[in-house]
Amino acid sequence: MPGEELRELANRAVAEIAGAADDAALEAARVKYLGRKEGALSEATKRIAKLPPGEKPAYGAAVNEGKLRIERALEERTRALREARVARDLGGEREDMSLPPRRVRVGRLHPISQTVREVSRVFATMGFETVEGPEIEWDYYNFEALNIPPGHPAREKWQTLWISNPLGDDPSRPLLGRTHTSPMQIRVMEQRRPPVRVVIPGRCYRYEATDAIRESIFFQYEGLAIDEKLTMADLKGVLFSFARQIFGSDRKIRFRIDYFPFTEPSAEIAFDCFSCEGRDPECRVCGGDGWIEAAGCGMVHPDVLRRVGYDPKRYQGFAFGGGIERLAMLRTGAPDIRLFYQNDLRYLEQF
Ligand code: DAH
């Protein structure tokens, strides 16, 4: 009986489709049974026309039913293969909707970054623009242009980390990790004409042992103002205002004469010790001195001005440079500079 034959054909097709190992095998089975030209079901369809009229309806129905079963089997297998592929790609991962979401942890700025921004903000109130410069520097900018030629004894003040030039060392152009931010005074003046008013925060490097107040990698801020008729009074006024804005009105400040090759006259400014206020001769912060040196400063040396093409008869200026970490210690009361760089979140999260 042809109807019976058809059912068996469909059974075979469904079994073959269910066992298809991949998309290619599945497609082969589809062509074999439903293919328009030589598919088994298509052949059967063609036979309907040749049947005696009485057998046509039953046979036609059997063909349709067989087609439907095969199509459904194809769909099912296609879906099963796709799901297996996705599961394999996910490596067996599953979503667990009962898992509580991960807490969103909001970050914050490191106390050193906060201090850099605070310094920039305060000097901005006095018209200083913040600029930045390279940490790897030529000897020329770090020393020579600042009146510190090779062999000058002042070089001893800056324990220098020399760097070999990856493009080949040129003995006449030594390279170093900048030991201070002062080289940026030269770079800024080379590029601008007066008036100049800039503050330059940045990382510096020194070949030095670390202790409670010293690190070999640290930050400085540098200030430079050049204009007509600037005097030491302007320098003092700016630095007093800076100290008052950062530490409040009761912090004491001391100006003393100092020496730097690139300023004349030069001075050193110090804040009174926040930790012992001068009362502890064993104080770890000030060493019992009662004062913390905060910055070097002075009137820009005429030779430095001349070197960048400024006329020292017409223009004068002042400069200052100090340590960011010391300011951060004063602001936060940190007893040890190393706390800033140990990456202990229990400490850093307080600020
Ligand atoms: N660059 C000096 C240092 O690191 C500090 C300094 C002194 C900067 C005097 C200045 C200055 O701009 O005028 O020790």
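Residues numbered from 1 in each chain as written. Predicted model: local features only at pLDDT ≥ 70, side-chain atom pairs only at ≥ 80, totals over all residues. Heavy atoms only, no water.

### As for the site of the ligand
In plain terms, the rule: When at least one non-hydrogen atom of a residue lies within 4 Å of a molecule or strand, that residue is treated as near it. Polar contact criterion, stated in full: a pair of N or O atoms within 3.5 Å, where within protein one must be able to donate a hydrogen and the other to accept it, and residues adjacent in sequence count only if both atoms are side-chain atoms. Note on areas: Shrake-Rupley, 1.4 Å probe, and residue coverage restricted to the protein chains presented here. Points on a 1 Å grid over protein atoms alone make up a cavity when a 1.4 Å probe fits among them but cannot get out, and a pocket when they form an open set with protein on both sides within 12 Å along at least five of seven lines; lining residues each have an atom within 4 Å of a point. Being in a pocket or cavity means that more than half of the molecule's atoms lie within 2 Å of its grid points. Three residue categories are used. Nonpolar comprises Ala, Val, Leu, Ile, Met, Phe, Trp, Tyr, Cys and Pro, charged comprises Asp, Glu, Lys and Arg, and polar comprises the others, including Gly.
Within the structure, the ligand sits among 16 residues, and His180, Ser182, Gln185, Gln220 and Glu222 are positioned closest to it. Within the side chain of tryptophan 158, one N or O atom sits 3.4 Å away from an oxygen atom of the ligand. Between the ligand and histidine 180, the relevant distance is 2.8 Å, taken from a nitrogen atom to a side-chain nitrogen or oxygen of the residue. Here the ligand, which alone exposes 360 Å², has 94% of that area covered by the protein. The site holding the ligand turns out to be the largest pocket. Residues that form the shell around the ligand fall into these classes: six nonpolar, eight polar and two charged.

### So, the packing of aromatic side chains
Threshold: Two aromatic rings from Phe, Tyr or Trp, using only the six-membered ring of Trp, form a pair when their centres are within 6.5 Å; if the ring planes differ by under 30 degrees the pair is stacked, by over 60 it is edge-to-face, and anything between is tilted. Partly exposed residues are those whose accessible area sits between 20% and 50% of the maximum for their type, while under 20% is buried and over 50% is exposed, using a 1.4 Å probe and protein chains only. Only Lys NZ and Arg CZ are tested; either one counts as a charge over a ring when it is within 6 Å of the ring centre and within 35 degrees of the ring normal.
On inspection of all chains with the given rule, the structure shows 15 aromatic pairs. Measuring from centroid to centroid gives 5.9 Å for phenylalanine 260 and phenylalanine 262, while their planes differ by 40°, and the two rings are tilted. Take phenylalanine 260 and phenylalanine 262: they sit in the same class, and that class is buried. Each ring, one from phenylalanine 318 and one from phenylalanine 320, has its centre 6.4 Å from the other, and the planes form 20°; the classification is stacked. Taken as a pair, phenylalanine 318 and phenylalanine 320 share a single burial class, namely buried. Taken together, the aromatic side chains of Phe123, Phe128, Tyr221, Phe242, Phe318 and Phe320 make up a single cluster linked through ring pairs. The lysine or arginine in question, arginine 173, covers the ring of tryptophan 138, its NZ or CZ lying 3.9 Å from the ring centre. In this arrangement the basic side chain of lysine 236 is found over the ring face of phenylalanine 255, its NZ or CZ atom lying 5.2 Å from the centre.

### Describing the pattern of salt bridges
Put simply, the rule is: The rule for a salt bridge is simple: a side-chain nitrogen of Lys or Arg has to be within 4 Å of a carboxyl oxygen of Asp or Glu. A run of H or I in DSSP becomes a helix once it reaches four residues, and a run of E becomes a strand once it reaches two; helices and strands are each numbered from the N terminus.
For the structure shown, the criterion picks out 19 salt bridges. The shortest N-O distance in the salt bridge between glutamate 43 and lysine 46 comes to 3.7 Å. One end of the pair, glutamate 43, and the other, lysine 46, are both in helix α3 (residues 40-48), three residues apart, so they sit about a helical turn from each other. For arginine 121, the salt bridge is made with glutamate 118, and the minimal N-O distance between the two is 3.2 Å. On the criterion of helical spacing, the pair formed by arginine 121 and glutamate 118 is a turn pair, its members being three residues apart in helix α5 (residues 111-124). Looking at arginine 121, the relative accessible area reads 44%, which means it is partly exposed. What makes glutamate 118 buried here is its relative accessible area of 18%. What emerges from the salt-bridge pattern is a single network uniting Arg254, Arg256 and Glu268.

### A closer look at the nonpolar core
What counts is decided by this rule: Definition used in this section: a nonpolar core is a set of buried Ala, Val, Leu, Ile, Met, Phe, Trp, Tyr and Cys residues joined via side-chain atoms within 4.5 Å.
Counting residues in hydrophobic clusters, the biggest one holds 45 residues, and the most contacted among them are Val119, Phe123, Tyr221, Phe242, Phe271, Phe318 and Phe320. Looking at this core, the elements with two or more residues in it are α5, β6 (217-227), α8 (232-247), β8 (263-272), β9 (291-300), β10 (316-323), α10 (324-332) and α11 (345-348). At seven residues, α8 tops the list of elements feeding residues into this core. Core analysis: the next-biggest nonpolar cluster, separate from the first, contains 27 residues, Ile148, Val196, Ile200 and Val304 among them.

### Looking at the sheet that holds β6
Our working rule: Two strands qualify as a pair provided that DSSP identifies no fewer than 2 bridges between them.
The mixed open sheet is built from seven strands, whose spatial order is β1-β5-β6-β10-β9-β8-β7. What marks the edges here is a single partner per strand, and that holds for β1 (129-130) and β7 (253-260). By the bridge criterion, seven bridges tie β7 to β8 in an arrangement that is antiparallel. Note that in β8 the partner of phenylalanine 255 across the bridge is isoleucine 269.

### Concerning the packing of helix α2 (residues 23-34) against helix α4 (residues 56-89)
Stated precisely, the cut-off is as follows: Simply put, an axis is a line fit to the C-alpha atoms, just over the touching stretch for a helix, and the angle between two N-to-C directions goes from 0 to 180 degrees. Roughly parallel means an angle under 35 degrees; roughly antiparallel, over 145; roughly perpendicular, 65 to 115; everything else is oblique. In this description, contact between two residues means that some pair of their heavy atoms is separated by no more than 4.5 Å.
Closest axis-to-axis distance for the α2/α4 pair is 11 Å, and the angle between their directions is 175°. In terms of orientation, α2 and α4 fall into the roughly antiparallel class. In this structure, α2 uses Asp23, Leu26, Arg30, Tyr33 and Leu34 to contact α4, whose residues at the interface are Lys67, Ile70, Glu71, Leu74, Arg77, Thr78, Leu81 and Arg85. Looking at the contact of α2 with α4 residue by residue, the classes come out as six nonpolar, one polar and six charged.

### Concerning the layout of surface pockets
Applied cut-off: Grid points are joined across faces, edges and corners, and a volume is the space filled by probe spheres set on the points.
The space that makes up the largest pocket amounts to roughly 870 Å³. As for the largest pocket, its lining consists of 38 residues, of which Arg206, Gln220, Glu293, Gly323 and Arg326 are closest to the centre. Breaking the lining of the largest pocket down by element, the ones donating at least two residues are β6, β7, β8, β9, β10 and α10. The greatest single-element share of the lining of the largest pocket, amounting to seven residues, is contributed by β9. When grouped by side-chain class, the residues that make up the lining of the largest pocket number 16 nonpolar, eight polar and 14 charged.

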